[in-house]
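Summary of the model geometry
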Amino acid sequence: MKKVAVLIDGGYLSKIYKRQLSKNLTPGVILKLVEEKILQRPHEELFRLYYYDAPPFGKEITNPIDNSTTDFSKTPLFTAVNDFHRELAETDFVALRKGKLSFGGWKLTRGAINNIKKTGAIEPSDITPDFKQKAVDMKIGLDIAWLATKKIVEIIALVTADNDFIPAMKFARKEGIHITIAKIDSLNTYMRQHADKIIDIDIKTLEL
C-alpha cells in the first residue's frame, strides 16, 4: 500500500469549481475529489490532505471616490469562508495551511472603462478592492520539500496548475517521490513534463 499526500491549492480549485458549476466549493466536494478521483484504490491510501488557502479579509476600508466604508468582517463572505475553513480543519486527516490576504489598493472593474466613457466621470462602483494572497505558494513548496526529504509518503498528488511549483516537484522526484497532477483545467507543457502521472478530472462530476 502506497501512502499519498494530497496538496490542494484552495484558491485555484475554488476558482475553477465556481467558474464551471456556478457554486461555492464545499468540504464534501473536496473529500469526493480526493477519495473518488485522486486516490487509486486499492493500492493507494491517504496519508494526509493539505489544503492551502488564505483566510478572508476582515478589516474596514474606505472607497476613495465617495468615502463610503465597508467592514469586511461583517460580510456574508467573511462568515462563509471562516465556516468553510473551520469545517475542513476539523475533518479527519486534513491539515489546513493558511496564508494571508492583504488589501493592495483599488483597481478598475471590468465595465469601468465603458462606464467612464459614457458618463465622463468615475463612479464609486467603477473600482473594486485589489486583494493579494500571500505565503500560500511558499507553504506548498516547503511542504513538498519536507514530505520528500522525510520520505513520509511515496506519492505527492497536486491540485494546481502553477509553474512556480516545478522546482519543488523536481526536487521531490530526485528524492524518489512520484508526483501526480490532478488536472481539472488546462495544464501547460512544463507541468506535464515534471510530473510522473496526470489524472484527468471532469470537475462537474464532483457536484454533490
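First things first, this report covers the structure right here in the doc. The structure presented is a predicted model; accordingly, all values stated were derived computationally and were not measured.

**Points about the environment of T69**
With respect to the helices and strands, T69 occurs in strand β4 (residues 69-71). Exposure remark for T69: the relative accessible area of 46% places this residue in the partly exposed category. Sequence-distant contacts of T69, defined by excluding residues within four places in its chain, comprise E60, I61 and T62.

**Overview of helix α6 (residues 166-174)**
Think of an α-helix as turning once every 3.6 residues; residues three or four places apart then point the same way. Every buried residue of α6 is accounted for by I166, A168, M169 and A172. Projected down its long axis, α6 carries its buried residues within an arc of 160°, all on one side. Pointing more than 90 degrees away from the buried face of α6 are the exposed residues P167 and K174. Of the residues one or two after α6, G176 is the one with positive phi, at around 90°.

**Description of the pairing of strand β1 (residues 2-9)**
Residues in a regular strand point their side chains to alternate faces of the sheet. Most of β1 is tucked away: six of the eight residues are buried. Bridging between β1 and strand β2 (residues 44-53) involves eight bridges; their strand directions are parallel. If you follow K2 over to β2, its bridge partner there is E44. Bridging between β1 and strand β8 (residues 155-159) involves five bridges; their strand directions are parallel. Looking across to β8, one finds that V4 is bridged to I155.

**Regarding helix α2 (residues 27-38)**
With twelve residues, α2 extends 15 Å between its outermost C-alpha atoms, agreeing within 8% with the 16 Å of an ideal straight helix rising 1.5 Å per residue. The set of residues buried in α2 consists of P27, V29, I30, K32, L33, V34 and I38.

**Re the layout of surface pockets**
Taken as a whole, the largest pocket spans an internal volume of roughly 1,100 Å³. Around the largest pocket sit 28 residues that line it, and G11, S14, D53, L77 and V81 are the ones nearest its centre. For the lining of the largest pocket, the residue count by class is 16 nonpolar, six polar and six charged.

**Quick look at the packing of aromatic side chains**
To describe a pair of aromatic rings, you give the distance between the ring centres and the angle between the ring planes. Enumeration over the complete set of coordinates arrives at seven aromatic pairs. The interplanar angle of 75° and the centroid separation of 5.6 Å between the aromatic rings of F57 and F72 together place this pair among those described as edge-to-face. Taken together, the residues span a long stretch of sequence, with F57 in the loop between β2 and β3 (60-62) and F72 in the loop between β4 and α3 (76-89) at a distance of 15 residues. Take F57 and F72: they sit in the same class, and that class is buried.

**Topic: the pattern of salt bridges**
Oppositely charged side chains may form a pair once their charged atoms are brought near each other. Throughout the structure, instances matching the rule amount to twelve salt bridges. Here E35 makes a salt bridge to R41, at a shortest N to O gap of 2.6 Å. A relative accessible area of 37% means that E35 is categorised as partly exposed. Taken together, the shared-partner salt bridges connect K107, D130 and K132 into one network.

**What about the environment of T205?**
On the secondary structure map, T205 appears in the segment after β10 (197-200). For the pair T205 and K32, spaced 173 residues apart in the sequence, the C-alpha separation amounts to 9.6 Å. Apart from the residues lying within four places of it in its own chain, the contact partners of T205 are K32 and K37.

**Some details on the side chain of K32**
If you trace the backbone, K32 turns up in helix α2. Within the buried set, K32 has no salt-bridge partner at all; the shortest N-O distance to an opposite charge, 4.4 Å, is to E36. At 3.1 Å, the side chain of K32 and the backbone oxygen of T205 are in polar contact. Setting aside chain neighbours within four positions, we find K32 in contact with K37, T205, L206, E207 and L208.

Here is what the cut-offs are and how they apply
Residues numbered from 1 in each chain as written. Predicted model: local features only at pLDDT ≥ 70, side-chain atom pairs only at ≥ 80, totals over all residues. Heavy atoms only, no water. Helix = DSSP H or I, 4+ residues; strand = E, 2+ residues; numbered from the N terminus. Buried < 20%, exposed > 50% of the residue type's maximum accessible area, 1.4 Å probe, protein only. Contact = heavy atoms within 4.5 Å. Arc of directions from axis to C-beta. Pairing = 2+ DSSP bridges. Expected span 1.5 Å × (residues − 1). 1 Å grid on protein atoms, 1.4 Å probe; cavity = no way out; pocket = protein on both sides within 12 Å on 5 of 7 lines; lining within 4 Å. Points joined across faces, edges and corners; volume = space filled by probe spheres on them. Nonpolar A, V, L, I, M, F, W, Y, C, P; charged D, E, K, R; others polar. Phe/Tyr/Trp six-rings, centres within 6.5 Å; stacked < 30°, edge-to-face > 60°. Salt bridge = Lys/Arg side-chain N within 4 Å of Asp/Glu carboxyl O. Lys, Arg positive; Asp, Glu negative; His and termini not counted. Polar contact = N/O pair within 3.5 Å; in protein donor to acceptor, adjacent residues only side chain to side chain.

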